[in-house]
Amino acid sequence: MTLLDLLPSIGHAAPRRFDPAIWPTTASSDEDGRLCIGGMPLADIADEFGTPAYLIDETDFRHRARRYHTALRDVEIVYAGKSLLTTAVARWAREEGLGIGVCSPGELAVALAGGLDPSRIVMHGDTTSPDELRDAVAVGVGRLVLDSSLDIAYLAGLARRRQRVLIRVTPDTDIHGHRAVTGISDQTGGFTLTGGHAAEAVRAVLAHPILDLVGLHCQIGSQVCDPARYGEAIRRLIAAMADIRAHHGVILTELNIGGGHAVPFLSGDAELDLDVLAGVIEDALDEACAAEHFPRPAVVVEPGRGISARAGVTLYRVCSVKTRPNGHTVVAVDGGIGDNPRVALDGAQYTVALANRHARTQRRAVTVAGRHGEAGNEIARDVELPADIHAGDLLAVAGTGSYHHSMASNYTMVGRPPLVAISGGRARELVRRETIADLLVRDCG
């Protein structure tokens with residue numbers, strides 16, 4: 001029996017070492033203070049697979065997929081594959097009843113290899129080539145999202161049977177204060193509702209009998225924490241659907257409100273509340289459909305980060321610790337901008353923890369820097385780590401299950417890290433580490 005068992009009030013007063021809002025649901029520490037996921041010490045995984053390494057907690061991924069189903073009972077959930085996609089991840093999505101949204105022939109091939117029924121795939125067009133559209137049509141993807149006039153013309157010429165399509169529109173919702181704003185009228189993808197551009201796209205699609213226009217799609221932004229923004233988008237798009245019915249006699253049956261759901265990366269960060277979102281969707285649909293006397297369409301959401309981000313952890317080995325003349329400490333690790341470009345791209349911030357031991361010294365603010373000698377080549381700035389951190393220690397970075405593996409590069413000819421899944425007390429490699437031989441095999445010189 002532990003002291004916490006004898007004095008439960010101490011447990012309430014003591015902060016948890018690994019914030020459950022940030023780390024995978026199975027995160028814990030063992031008797032040696034080592035960070036564990038799924039009951040496995042991450043130090044053992046680092047010894048087996050090396051560092052840097054991406055880890056993905058299958059239990060956490062599945063838990064968050066089920067949470068979407070529980071909260072949004074009457075909504076179709078389509079996982080955004082660009083967040084993180086391998087054949088195993090596609091299989092998890094399929095087994096949890098998710099469709100998958102893909103943006104390229106590569107993502108399409110991976111989703112199919114994971115056993116997904118093509119009818120559950122949503123293919124997004126954003127500067128899509130005729131060959132890419134041909135691939136999608138050939139396998140029979142369930143829906144194609146069109147966001148340019150050329151896409152419409154190409155697809156009409158390629159389709160050999162009726163193809164269900166959606167038109168991507170920008171509902172002109174403004175979410176200032178978030179890291180990314182993609183739902184306003186000056187974004188590069190989609191047709192604006194203002195200026196008649198979306199109406200022109202509708203006319204172009206309806207002019208081709210082989211294209212079956214079933215609905216509208218939008219993406220209002222990234223890291224959106226205010227559910228009201230989705231309600232606003234729904235009201236505007238239902239009004240647009242009513243206009244299409246009035247002008248063309250066509251009733252659209254599907255409304256895809258995209259993803260962009262905010263998740264916390266630091267303690268205290270805002271998060272999109274799925275239960276509140278469910279209520280907002282219901283109320284907005286009821287209000288908008290009643291106002292326009294429009295039949296209620298099926299609603300689709302496309303979370304990526306909301307499902308995969310917190311399932312992921314990246315491991316790094318400390319290479320050196322340097323204290324600058326100004327007193328600031330820099331902890332250099334064996335990864336960097338090649339495996340985590342998000343810090344340099346959009347100033348993303350992450351939670352970092354010592355993973356291989358429980359330090360008993362005081363903590364100090366440090367910068368965790370990468371191996372590439374570039375401005376902005378940082379993993380995290382001003383994070384609290386033990387004062388006795390030293391070369392050989394293992395660091396874990398939380399919230400890296402989205403847009404890390406999928407955006408990694410082999411900058412400076414450093415191979416991309418492996419992706420290792422943890423489930424049922426064991427670890428298995430989903431994607432192996434990229435080797436120098438892999439890099440050379442593509443070099444035709």
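Residues numbered from 1 in each chain as written. Predicted model: local features only at pLDDT ≥ 70, side-chain atom pairs only at ≥ 80, totals over all residues. Heavy atoms only, no water.

Colleague: It is not clear to me how the environment of V280 should be interpreted in this structure. Could you clarify?
Modeller: In this fold, V280 is placed in helix α11 (residues 274-292). On a C-alpha basis, the gap between V280 and P418 in space is 40 Å, while along the polypeptide they are 138 residues apart. Setting aside anything within four residues of it in sequence, one finds V280 in contact with P227, A228 and G231. (Helix = DSSP H or I, 4+ residues; strand = E, 2+ residues; numbered from the N terminus. Contact = heavy atoms within 4.5 Å.)

Colleague: Explanation requested: the packing of aromatic side chains in the structure shown.
Modeller: The description of two aromatic rings rests on the distance between their centres and on the angle between their planes. In total, this model carries 4 aromatic pairs according to the counting rule given. For the pair F61 and Y79, a centre-to-centre distance of 5.4 Å together with 75° between the ring planes defines the contact as edge-to-face. Note that F61 is positioned in helix α4 (residues 58-71) and Y79 in strand β5 (residues 75-80), a separation of 18 residues in sequence. The pair formed by F61 and Y79 is uniform in burial state, with each residue classed as buried. Taken together, a centroid distance of 5.5 Å and an interplanar angle of 80° make the contact between F265 and Y350 edge-to-face. On the criterion of sequence distance, the pair formed by F265 in the loop between β12 (254-256) and α11 and Y350 in the loop between α13 (342-346) and β16 (352-354) is long-range, its members being 85 residues apart. By relative accessible area, which is 2% here, F265 ends up buried. Through a chain of ring-to-ring contacts, the aromatic side chains of F61, Y79 and W92 assemble into a single cluster. (Phe/Tyr/Trp six-rings, centres within 6.5 Å; stacked < 30°, edge-to-face > 60°. Buried < 20%, exposed > 50% of the residue type's maximum accessible area, 1.4 Å probe, protein only.)

Colleague: Just checking my understanding: could you explain the pairing of strand β21 (residues 426-431) for this structure?
Modeller: Both faces of the sheet carry side chains from a regular strand, because those side chains alternate between them. Relative to β21, strand β20 (residues 419-423) runs antiparallel, the two sharing 5 bridges. Bridging from a neighbouring strand, L419 pairs with V431 of β21. (Pairing = 2+ DSSP bridges.)

Colleague: Would you mind going over the nonpolar core with me for this structure?
Modeller: One recurring pattern in soluble globular proteins is that nonpolar side chains are buried together. Ranked by internal contacts, the top residues of the largest apolar core, which has 78 residues, are L72, L144, I167, L216, I238, I257 and I281. Ranked by residue count, the leading element in this core is helix α10 (residues 228-248), at 9 residues. When residues of this core are assigned to domains, at least three map to each of domain 1 (14-56 + 310-441) and domain 2 (125-302). Counting residues in each nonpolar core, the second largest holds 23 residues, with L35, I37, A46 and A355 among its members. (Core = buried A, V, L, I, M, F, W, Y, C linked by side-chain atoms within 4.5 Å. Domains from an automatic or database assignment.)

Colleague: Just to check I follow, could you spell out helix α7 (residues 130-139) for this structure?
Modeller: Residues that lie three or four places apart on an α-helix share one face, since the helix turns once every 3.6 residues. Listed as buried for α7 are L133, A136 and V137. One side of α7 carries all its buried residues, which in axial view fall inside an arc of 95°. Along its buried surface, α7 packs onto α6 (105-113), β7 (121-124), β8 (143-146), α8 (149-158) and β9 (163-170). (Arc of directions from axis to C-beta.)

Colleague: What is the right way to look at the sheet that holds strand β2 (residues 35-37) in this model?
Modeller: The strands making up a sheet are joined through hydrogen bonds of the backbone, oriented either antiparallel or parallel. With antiparallel pairing, 3 strands are arranged side by side in an open sheet as β1-β2-β3. Both edges of this open sheet fall to β1 (28-29) and β3 (40-41), since each of them pairs with a single strand only. Bridge analysis of β1 against β2 gives 2 bridges, and the strand direction is antiparallel. Bridge pairing in β2 places S29 opposite L35.

Colleague: Before we go on, may I ask you to explain the domain arrangement of the protein chain in this structure?
Modeller: For an interface, size is often stated in terms of accessible area lost upon the parts coming together. Along its sequence, the protein chain is carved into domain 1 (14-56 + 310-441) and domain 2 (125-302). A straight line from the C-alpha centre of domain 1 to that of domain 2 covers 36 Å. In total, about 830 Å² of surface goes out of reach between domain 1 and domain 2, with carbon and sulfur atoms giving 51% of it. By the criterion of area lost to domain 2, the three top residues of domain 1 are I22, R310 and Q349, representing 51% of everything that side buries. Linking domain 1 to domain 2 there are 1 salt bridge. Where E271 meets R310, a salt bridge forms, and the shortest distance between an N and an O atom there is 2.9 Å. Here domain 1 is connected to domain 2 by 3 residue pairs in polar contact (both at pLDDT 80 or more). (Buried area = accessible area lost by both parts, 1.4 Å probe. Salt bridge = Lys/Arg side-chain N within 4 Å of Asp/Glu carboxyl O. Polar contact = N/O pair within 3.5 Å; in protein donor to acceptor, adjacent residues only side chain to side chain.)

Colleague: Can you help me understand the confidence of the model for the protein chain in this one?
Modeller: One rule of thumb: low pLDDT means the predicted coordinates there are not for detailed reading. Residues of the protein chain with pLDDT of at least 70 account for 93%, and the chain-wide mean is 91. Here residues 1-15 scores under 50 on pLDDT; set against residues more than four positions off or in separate chains, the count is 4 contacts. Below a pLDDT of 50 lies the segment residues 175-186, which in the model reaches 37 contacts outside its immediate sequence neighbourhood of four places, other chains included. (pLDDT = per-residue confidence, 0-100.)

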